[in-house]
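These are the residues of each chain, in order.
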Amino acid sequence: MTQLPRNTTADYGDFPFCPWCREAPYELTVSLEALMVSLQRGLGHWVEVEPDGSTDADIVCDCPHCSKPFAVALKAEGVVLIPVRTEADRRLLAGEGRA
Ligand SMILES: [Zn+2]
């Protein structure tokens, strides 16, 4: 299975890059609902990402540059962008794995 790229991080005085295309997703918007659910679970809540790219993250966004999805983890010290896969991508990769 194709490897996911590395997470990217930034402290709150800086801005993170998309883990997929390495552009800064300045136009990214996060829904208030997702933000509230995430903060209710607490800063630093551990975001799980399975090897197939599925996640339990509360905040999952599509990059405004490359349209690829990443989870947003809010930590006390900053933000972490974690590359994930769409369901369609997971199915595609699983199909490739069987062939
Ligand atoms: Zn991107």
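So, a few notes on the structure that sits alongside this text. It should be emphasised that the depicted structure is a prediction, and the values quoted were computed from it without experimental measurement.

### Description of the pattern of salt bridges
Inference 1: Applying the stated criterion to the full structure yields 3 salt bridges.
Inference 2: Asp52 is the salt-bridge partner of Arg90, the closest N and O atoms lying 3.9 Å from each other. Separated by 38 residues along the polypeptide, Arg90 in helix H2 (residues 87-98) and Asp52 in the loop between helix H1 (32-41) and strand S2 (60-62) bring together distant segments of the chain.
Inference 3: By relative accessible area, Asp52 is classed as partly exposed at 30%.
Inference 4: Its salt-bridge partner being Arg91, residue Glu87 comes within 3.5 Å of it at the nearest N-O pair. Taken together, the residues span about one helical turn, with Glu87 and Arg91 both in helix H2 at a distance of 4 residues.
Inference 5: Classification of Glu87 as partly exposed rests on a relative accessible area of 49%.

### Section: the nonpolar core
Inference 1: Counting 11 residues, the largest nonpolar core is built from Ala10, Cys18, Ala34, Ile59, Cys61, Cys63, Phe70, Val72, Leu74, Val79 and Leu81.
Inference 2: Listing elements by their share of this core, those giving two or more residues are strand S3 (69-74) and strand S4 (78-83).
Inference 3: Considering each element in turn, this core owes the most residues, 3 residues, to S3.
Inference 4: Beyond its immediate stretch of four places on either side in the chain, Ala10 contacts Phe15, Pro16, Gly78 and Val79.
Inference 5: If you look at the next biggest cluster of nonpolar residues, it comprises 7 residues, including Ala57, Ala73, Ile82 and Val84.

### Section: the packing of aromatic side chains
Working definition: an aromatic ring pair is given by the centre-to-centre distance plus the angle between the planes.
Inference 1: Counted under the stated rule, the structure contains 1 aromatic pair.
Inference 2: Here the guanidinium or amino end of Lys68 rests over the ring plane of Trp20, the centre of that ring lying 4.6 Å away.

What counts, and where the lines are drawn
- Residues numbered from 1 in each chain as written.
- Predicted model: local features only at pLDDT ≥ 70, side-chain atom pairs only at ≥ 80, totals over all residues.
- Heavy atoms only, no water.
- Salt bridge = Lys/Arg side-chain N within 4 Å of Asp/Glu carboxyl O.
- Helix = DSSP H or I, 4+ residues; strand = E, 2+ residues; numbered from the N terminus.
- Buried < 20%, exposed > 50% of the residue type's maximum accessible area, 1.4 Å probe, protein only.
- Core = buried A, V, L, I, M, F, W, Y, C linked by side-chain atoms within 4.5 Å.
- Contact = heavy atoms within 4.5 Å.
- Phe/Tyr/Trp six-rings, centres within 6.5 Å; stacked < 30°, edge-to-face > 60°.
- Lys NZ or Arg CZ within 6 Å of the ring centre and 35° of its normal.

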